[in-house]
Amino acid sequence: MATFNAADLNSKAMPMGGYGNAAMVYGTVMPSSGALASVYRPVRIPAGMTVTGLRVHNADLDTGGTSFAVKIGYTPVNPEDGPAGDDDYFSAPVTHLSVAGLNDYRFDPIKFEKDVYVDLTVTVAATVFATGKITAIVTGEATGVK
């Protein structure tokens, strides 16, 4: 049997401050429509955070259908400073807003050197939109900016 080590295995673990380096930010938005191309922006990710997890908790926002879909990505708070946005980095279009629930998204960890917003962009409009909350919970490591 072989042992396979990550290239940065022994340099990755960094000393923690007195309270650790774990970070979490969360926010809630309550949209009033489910129109195509609408953007729901529940949370701002601060500069210096390496994001390793995203969970979205939502109400049933489409009481008349099951195809209400959004893609989940990010856009810079200040477009002149970057980074370039990626409207589906965290998830390609999913229909999770058609039913109440809590969903975890899988993606490669990403570090943001500048503040960004988490965006849920509607790709398929709601059949019968119902107002409700969307809460995004972002977890990761507070690694600081360069």
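The following paragraphs examine the structure supplied in this document. Values in this document were obtained by computation on a predicted structure and should not be read as measured data. Every chain is numbered on its own, with residues counted from 1 as its sequence reads. Predicted model: local features are reported for residues with pLDDT of at least 70 only, side-chain atom pairs are reported and counted for 80 or more only, and whole-chain, interface and lining totals are derived from all residues. Water and hydrogen atoms play no part in the side-chain values, which are based on all heavy atoms of the structure.

We now examine the overall build of the protein. Check the secondary structure of the protein and you find one helix and nine strands. The secondary structure listing takes helices from DSSP runs of H or I that are at least 4 residues long and strands from runs of E that are at least 2 residues long, numbered from the N terminus. When its helices and strands are written in sequence order, the protein yields α-β-β-β-β-β-β-β-β-β. Two residues qualify as a contact provided that any one of their heavy atoms is within 4.5 Å of a heavy atom in the partner residue. A fraction of 81% describes how many contacts in the protein between residues 6 or more apart in sequence connect residues 24 or more apart. The Shrake-Rupley method, run with a 1.4 Å probe sphere, supplies the accessible areas, and residue values consider only the shown protein chains as cover. Looking at the protein as shown, the accessible area adds up to about 8,400 Å², and 55% of this sits on carbon and sulfur atoms.

A pair of strands counts as paired when DSSP detects no fewer than two bridges linking them. Pairing within the open sheet is antiparallel, and its four strands lie in the order S2-S8-S4-S5. Strands with a single pairing partner mark the edges of an open sheet, and in this sheet they are strand S2 (39-45) and strand S5 (86-94). The mean angle between the axes of side-by-side strands here comes to 20°, regardless of whether they run parallel or antiparallel. With five bridges joining them, S2 and strand S8 (residues 116-124) adopt antiparallel strand pairing. Bridge pairing in S8 places Ile45 opposite Val116. Axes here mean lines fitted to C-alpha atoms, for a helix over just the part in contact, with angles spanning 0 to 180 degrees between N-to-C directions.

Now for the nonpolar core. Ranked by size, the top nonpolar core spans 30 residues in total, and within it Ile45, Val51, Leu54, Ile72, Phe90 and Val138 carry the most contacts. For this core, the secondary structure elements donating two or more residues are strand S1 (22-29), S2, strand S3 (49-58), strand S4 (69-76), S5, strand S7 (110-112), S8 and strand S9 (134-142). In these notes, a set of buried Ala, Val, Leu, Ile, Met, Phe, Trp, Tyr and Cys residues joined through side-chain atoms within 4.5 Å is what counts as a nonpolar core. Residue exposure (1.4 Å probe, protein chains only): buried if accessible area is under 20% of the type maximum, exposed if over 50%, otherwise partly exposed.

Centres within 6.5 Å are what make two rings of Phe, Tyr or Trp a pair, Trp counting through its six-membered ring; a difference in plane orientation under 30 degrees is then read as stacked, over 60 as edge-to-face, and the rest as tilted. One pass over the structure, following the stated rule, counts seven aromatic pairs. Cluster of aromatic residues (ring-pair linked, three or more members): Tyr74, Tyr89, Phe90, Phe107 and Phe112.

A separate point is the side chain of Thr50. Along the polypeptide, Thr50 turns up in strand S3. You can call Thr50 buried: its relative accessible area is 16%. Residues within four places of Thr50 in sequence aside, it is in contact with Pro109, Ile110, Lys111, Thr139, Gly140, Glu141 and Thr143.

This part takes up the pairing of S8. Bridge analysis of S4 against S8 gives eight bridges, and the strand direction is antiparallel. Residue pairing in the sheet places Gly73 in a bridge with Asp119 of S8.

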